[in-house]
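Reading the structure
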Amino acid sequence: MSFFTDAPRNRPLFPVPEQELFGYNGRPWVEPPHEYIVPAILPWSMPLGRAERTIVALRGIEVWPESVSFQLSVYSRDLLLDEPGEGLIDHRRVPDYNALLVGVLFPDGRRASSETISVPSATKPDQPVLRAQGLGGSAFHVDHEIFLWPLPPDGPLELVVQWLDRDIEETRTSLDGTAIRDAAKEAGEIWPGLPAREAHGLPVRRVGAQAMITPAWPRESQGPPPLPQPSAPRPPSPPAEAAAQPRRGAPLPTRLPRRAR
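Cut-offs used in this document
- Residues numbered from 1 in each chain as written.
- Predicted model: local features only at pLDDT ≥ 70, side-chain atom pairs only at ≥ 80, totals over all residues.
- Heavy atoms only, no water.
- Phe/Tyr/Trp six-rings, centres within 6.5 Å; stacked < 30°, edge-to-face > 60°.
- Helix = DSSP H or I, 4+ residues; strand = E, 2+ residues; numbered from the N terminus.
- Buried < 20%, exposed > 50% of the residue type's maximum accessible area, 1.4 Å probe, protein only.
- Contact = heavy atoms within 4.5 Å.
- Salt bridge = Lys/Arg side-chain N within 4 Å of Asp/Glu carboxyl O.
- Patch = residues over 30% accessible without salt bridge, like charges linked within 9 Å, V, L, I, M, F, W, Y side chains within 5 Å.
- Areas by Shrake-Rupley, 256 points an atom, 1.4 Å probe, with all protein chains shown as cover.
- Pairing = 2+ DSSP bridges.
- Axes fitted to C-alpha atoms, helices over the stretch in contact; angles between N-to-C directions.
- Arc of directions from axis to C-beta.
- Polar contact = N/O pair within 3.5 Å; in protein donor to acceptor, adjacent residues only side chain to side chain.
- pLDDT = per-residue confidence, 0-100.

1. Quick notes on the packing of aromatic side chains
As enumerated under the stated definition, the model contains two aromatic pairs in all. The interplanar angle of 50° and the centroid separation of 5.4 Å between the aromatic rings of Tyr24 and Tyr36 together place this pair among those described as tilted. Taken together, the positions of Tyr24 in the segment before strand S1 (37-38) and Tyr36 in the segment before S1 put the pair 12 residues apart, joining distant regions of the chain. In this structure Tyr36 comes out as buried when scored by relative accessible area, which is 14%. Centroid distance Trp29 to Trp149: 6.0 Å. Interplanar angle 65°. Geometry classified as edge-to-face. Within this pair, whereas Trp29 is found in the segment before S1, its partner Trp149 is found in strand S9 (residues 141-149), the two being separated by 120 residues in sequence. This pair shows no difference in class: Trp29 is buried, exactly as Trp149 is.

2. Regarding the environment of Thr173
Relative to the helices and strands, Thr173 is located in strand S11 (residues 168-176). The exposure class of Thr173 is buried, given its relative accessible area of 12%. Spatially, the C-alpha atom of Thr173 lies 9.5 Å from that of Val104, the residues being 69 residues apart in sequence.

3. Thoughts on the side chain of Gln71
Residue placement: Gln71 occurs in strand S5 (residues 68-76). Setting aside chain neighbours within four positions, we find Gln71 in contact with Ala57, Leu58, Arg59, Gly60, Glu62, Leu135, His144 and Glu145.

4. Considering the pattern of salt bridges
Evaluated as defined, the whole model comprises nine salt bridges. A salt bridge links Asp78 to Arg53, with the shortest nitrogen-to-oxygen separation between them at 3.2 Å. Of this pair, Asp78 sits in the loop between S5 and strand S6 (100-105) while Arg53 sits in the loop between strand S3 (46-50) and strand S4 (54-63), placing them 25 residues apart in sequence. A residue is classified by how much of its surface remains accessible, and Asp78, at 27% relative accessible area, is partly exposed. We note a salt bridge from Asp90 to Arg92, for which the minimum N-O separation is 2.8 Å. The class of Arg92 is exposed, set by a relative accessible area of 56%. A single network of salt bridges, built from pairs that share partners, joins Arg53, Asp78 and Arg166.

5. Here we look at a nonpolar patch on the surface
Together, Val38, Ile190 and Trp191 give the surface a local cluster of nonpolar side chains, amounting to about 280 Å² of exposed area. Accessibility expressed as a relative area gives 49% for Val38, which makes it partly exposed.

6. Brief notes about the sheet that holds S11
Pairing is antiparallel in the open sheet, where four strands are placed in the order S7-S6-S10-S11. Across the chains shown, the open sheet's two edge strands, defined by having one partner strand only, are strand S7 (111-113) and S11. The average angle at which neighbouring strand axes cross in this sheet is 15°, direction not considered. Bridge analysis of S6 against S7 gives three bridges, and the strand direction is antiparallel. From the neighbouring strand, Leu105 faces S7, where its bridge partner is Arg111. Where helix H1 (residues 177-184) meets the sheet, its contacts fall on strand S10 (156-163) and S11, and the angle it forms with S11 comes to roughly 55°.

7. Here we look at H1
If you check which residues of H1 are buried, you get Gly177, Ile180, Ala183 and Ala184. Down the axis of H1, the sector holding all buried residues measures 120°, keeping them to one side. Summarising the contacts, the buried residues of H1 are in contact with strand S2 (40-42), S4, S5, S10 and S11. A distance of 3.0 Å separates the backbone nitrogen of Thr178 from a side-chain oxygen at the start of H1, and that oxygen is part of Asp176.

8. What about the confidence of the model for the chain?
When pLDDT is averaged across the chain, the result is 81; 74% of the residues are at 70 or more. The low-confidence segment residues 202-222, where pLDDT is below 50, has 20 contacts with residues more than four positions distant or belonging to other chains.

9. Brief notes about unusual backbone geometry
That bond from Trp149 to Pro150 is cis: its omega, 0°, falls within 30 degrees of zero. Structurally, Pro150 is set in the loop between S9 and S10. The phi dihedral of Asp167 falls on the positive side, at around 60°, and the residue is not glycine. Here Asp167 shows up in the loop between S10 and S11. Owing to a relative accessible area of 63%, Asp167 belongs among the exposed residues under this scheme.

This is the structure:
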């Protein structure tokens with residue numbers, strides 16, 4: 001006997017249109033390639049910053065072929081957030097220097113942090129990219145993903161946290177960059193040979209939660225759009241008596257008025 005029920009199920013009344021996964025866009029500095037790669041896992045867990053009522057901790061590391069994601073959690077004995085889904089740090093918000101800050105320092109002196117808003121770049125950046133976002137949790141525990149590109153070079157990688165509002169001064173934790181680079185070799189591709197997305201030569205922009213294809217944007221050299229021209233004044237309305245008379249050349253009424261009795 002089968003473990004699962006094998007009875008046929010009714011199809012939904014309004015089926016969802018089929019969608020197809022396209023090939024990887026080849027921009028590893030934008031976000032983790034969750035849909036295309038199974039990452040290597042480094043089960044490193046350790047406190048990164050601690051105060052009397054708050055702890056910032058590393059729960060583990062996901063290593064991609066060209067980037068790395070730090071799984072960071074915040075624990076507190078008092079209220080952290082009313083909406084945990086928003087997270088305590090986010091690369092799309094202007095940071096508060098008294099709030100939680102996260103950064104990395106490479107062995108060669110390069111650095112990246114959550115101090116600035118991170119916007120995806122269409123071309124390969126010349127500096128490291130750090131992007132942080134909340135993953136949910138509860139009022140007293142919030143998870144975050146700290147995305148870092150590129151992979152760190154061999155040597156010690158310093159992970160830095162600071163949270164002045166919670167009495168956590170700047171704290172640096174050294175991680176093994178060589179072990180992270182070695183783990184990247186174990187990340188596996190899921191769907192090799194996927195077809196590329198066809199954009200038909202038109203740029204793609206995102207509007208709300210939907211992506212739409214639009215005509216090419218006007219160049220900056222064209223200047224701002226022209227201002228609307230004032231409309232010509234409308235002629236005054238004719239008097240009521242004149243309006244009752246038929247205009248010259250106007251069609252005659254199809255029904256004559258009834259004669260007064």
